[in-house]
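Descriptive analysis of the structure
Below are the chains, spelled out letter by letter.
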Amino acid sequence: MALGEFKVHATAGNARRATLMTAHGPVQTPVFMAVGTKATVKAMTPEELKECGTQVVLGNTYHLHLRPGEKTIAKMGGLHKFMNWDGPILTDSGGFQVFSLSQLRNMSEEGVEFRSHLDGAKHFISPEKSMEIQMDLGSDIIMAFDECLQYPATDDQIEKSMALTYRWLLRSRDAMTRKESLLFGIVQGGLSLNHRLKSMEQICSVDLPGYALGGFSVGEPIHLMHELLPHVAPKMPANKPRYLMGVGTPTDLIIAIDSGIDMFDCVMPTRVARNGTIYTWNGKVSIKRAEYKEDPSALDPECDCYTCRNYSKAYLRHLFLSGEILGSRLNTIHNIHFYMKVMEKARAAIAEGRWEEYKNFCLARFAKKEK
Ligand SMILES: Nc1cc(N)c2c(=O)[nH][nH]c(=O)c2c1
Ligand SMILES: [Zn+2]
């Protein structure tokens, strides 16, 4: 396959089983991408990520720009070498974190001036600067610089923001000169179907290797996303990957795959693992519950991850209550393994004509409540 080629092998309604070719190898989709914000997927080594079936790792442009800086990472051989990850890396554009993390100072057509949340130093990011940072990192998939509004937003705010995101996409495209990297545009439009379709028409009019849906998982009631996706995702270019940014729970993944989404990222599995919440094939487990104090069973009897093969709920509850670092590590290994297994089985189900059955199985199982 050629760099950037997206080959659809099978479909089931809107769901697709496909392969995207990147400079660091093929990506089998649907795919969940592990979030490695500051050049690390928290609490896991690259070898453990691979063992769990991870294909793609995300890096955050905002965080890496502030510390240690893209020029340092470039001097160290680029982000792949720096973090010892030889698979594909996707980096977001930095806009989302600037708006959500920094003391925002000034936004203009040119870009965003802000103060670092680390030391208050003044910084400026524009489409051109975002592309420069991501190219210095050596990213395989580079996200266009966009504006992501928080929820709720007025129609006027949405229309102005979408138009800016489109103009910033054109500047991102013109500035992204690294031939090994794939540039993805980001569709915005809030929670309004008309605005979403208008933004999609604008963004997808630019010929790119892939397109993302941004502006979700920004505080909106999640059912609004579930209701909107089937009317938007299938209308995006069928021969390009569709990436839903910042989403989601295992249930969100299944619903979105059914709407035609191919790629996902979310901090959920790693973040909730550190808080003692475990995803299983029978719903969520809160490991700190007293009922697990002397429970010798694995987190999930249907899981074959390193954690489930070697440790009991009793031990993992003890580690969590004791604040032991190993607890975060073992819970994270399980949750990442679980997410990757959900996606691996989804790819097989689509390819083998069993998607409806697998979808219904997952939605029923994931909804189960702890007794
Ligand atoms: N939930 C989201 C997570 C993200 N990293 C992003 C982003 O990087 N850009 N634009 C977005 O809309 C967005 C949404
Ligand atoms: Zn497990």
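Please read these numbers as outputs of a predicted model, since none were measured by experiment. (Residues numbered from 1 in each chain as written. Chains lettered and ligands numbered in written order. Predicted model: local features only at pLDDT ≥ 70, side-chain atom pairs only at ≥ 80, totals over all residues. Heavy atoms only, no water.)

Right, let's talk about the coordination of the zinc ion (ligand 2) for a bit. Every protein donor of the zinc ion (ligand 2) is accounted for by Cys303 (SG), Cys305 (SG), Cys308 (SG) and His334 (ND1), and the metal-donor separations fall at 2.1 to 2.3 Å. Each of the four donor atoms around the zinc ion (ligand 2) contributes to a set of angles spanning 101 to 117°, which defines the coordination as tetrahedral. Binding-site remark: the zinc ion (ligand 2) is held by donors from one chain whose sequence spacing is C-x1-C-x2-C-x25-H. Of the two residues, Cys305 is situated in the loop between β16 (283-286) and α12 (306-310) and His334 in helix α14 (residues 325-351); the sequence distance between them amounts to 29 residues. The class for Cys305 is buried, based on a relative accessible area of 2%. Under the relative-accessibility criterion, His334 is labelled buried at 0%. (Donors = N, O, S within 2.8 Å, 3.2 Å for Na, K, Ca; no water. Tetrahedral: all angles 85-135°; square planar, octahedral: opposite > 155°, others 65-115°. Helix = DSSP H or I, 4+ residues; strand = E, 2+ residues; numbered from the N terminus. Buried < 20%, exposed > 50% of the residue type's maximum accessible area, 1.4 Å probe, protein only.)

The next point concerns the pairing of strand β9 (residues 122-125). Judged from the four bridges that link them, strand β8 (residues 112-115) and β9 form a sheet pairing that is antiparallel. Within the sheet, the bridge partner assigned to Glu113 lies in β9 and is Phe124. In sequence, β8 turns back onto β9 through a hairpin of six residues, with Gly120 there showing a positive phi of about 75°. (Pairing = 2+ DSSP bridges.)

Next up on the list: the nonpolar core. Membership of the largest hydrophobic core comes to 77 residues, with the highest contact counts inside it found for Leu213, Leu244, Phe264, Trp355 and Tyr358. Of the residues forming this core, the biggest block, ten residues, is contributed by α14. Every residue in contact with Tyr358, bar those within four places of it in the chain, is listed here: Ile254, Trp281, Lys341, Val342, Lys345, Ala346 and Ala349. Membership of the second largest hydrophobic core comes to 19 residues, among which are Leu20, Val35, Leu182 and Met245. (Core = buried A, V, L, I, M, F, W, Y, C linked by side-chain atoms within 4.5 Å. Contact = heavy atoms within 4.5 Å.)

So, on to the environment of Ser172. Along the chain, Ser172 turns up in helix α7 (residues 155-175). Exposure remark for Ser172: the relative accessible area of 0% places this residue in the buried category. Through-space distance from the C-alpha of Ser172 to that of Ser130 is 7.9 Å; in sequence the pair is 42 residues apart. Each residue touching Ser172, except ones within four places of it in the same chain, is listed here: Pro127, Met131, Ala144, Phe145 and Leu183.

This part takes up the pattern of salt bridges. Under the counting rule described, the total for this entry stands at 23 salt bridges. In this structure, the salt-bridge partner of Lys50 is Asp86, at a minimum N-O distance of 2.3 Å. Of this pair, Lys50 sits in helix α1 (residues 46-51) while Asp86 sits in the loop between α4 (79-83) and β6 (89-91), and the two are 36 residues apart along the sequence. We classify Lys50 as partly exposed; its relative accessible area is 39%. Given a relative accessible area of 55%, Asp86 falls into the exposed group. Among the ionic pairs, Lys71 bridges to Glu132, the shortest N-O distance being 3.1 Å. Of this pair, Lys71 sits in helix α3 (residues 70-75) while Glu132 sits in helix α6 (residues 127-137); the two residues are 61 residues apart in sequence, bridging distant segments of the chain. Taking relative accessible area as the criterion, Lys71 reaches 43% and is therefore assigned partly exposed. Residue Glu132 is classed as partly exposed on the basis of its relative accessible area, which comes to 30%. Look at the salt bridges and you will find they share partners, linking Glu70, Lys71, Lys129, Glu132 and Asp136 into a network. (Salt bridge = Lys/Arg side-chain N within 4 Å of Asp/Glu carboxyl O.)

A separate point is the site of ligand 1. Taken together, the residues surrounding ligand 1 are Asp92, Phe96, Asp146, Cys148, Ile186, Gln188, Gly214, Gly215, Phe216, Ser217, Met245 and Gly246. Side-chain polar atom of Asp146 to a nitrogen atom of ligand 1: 2.7 Å apart, as the coordinates give it. One of the backbone N or O atoms of Phe216 is found 2.8 Å from a nitrogen atom in ligand 1. In isolation ligand 1 exposes 320 Å². Once the protein is present, 95% of that is buried. Residues of the shell around ligand 1, tallied by class, amount to five nonpolar, five polar and two charged. (Near = heavy atom within 4 Å. Polar contact = N/O pair within 3.5 Å; in protein donor to acceptor, adjacent residues only side chain to side chain. Areas by Shrake-Rupley, 256 points an atom, 1.4 Å probe, with all protein chains shown as cover. Nonpolar A, V, L, I, M, F, W, Y, C, P; charged D, E, K, R; others polar.)

So, on to the side chain of Thr61. With respect to the element layout, Thr61 can be found in helix α2 (residues 61-66). According to the relative accessible area criterion, Thr61 is buried, its value standing at 0%. Within polar-contact distance, the side chain of Thr61 engages the backbone oxygen of Asp92 at 2.4 Å.

Right, let's get into unusual backbone geometry. Of the consecutive residues Thr29 and Pro30, the connecting peptide bond is found in the cis state with omega at 5°. Mapping Pro30 onto the fold places it in the loop between β3 (25-29) and β4 (31-35). Of note in the backbone geometry, Ala39 takes a positive phi value of approximately 70° without being a glycine. The residue Ala39 is located in the loop between β4 and α1 in this model. According to the relative accessible area criterion, Ala39 is buried, its value standing at 13%.

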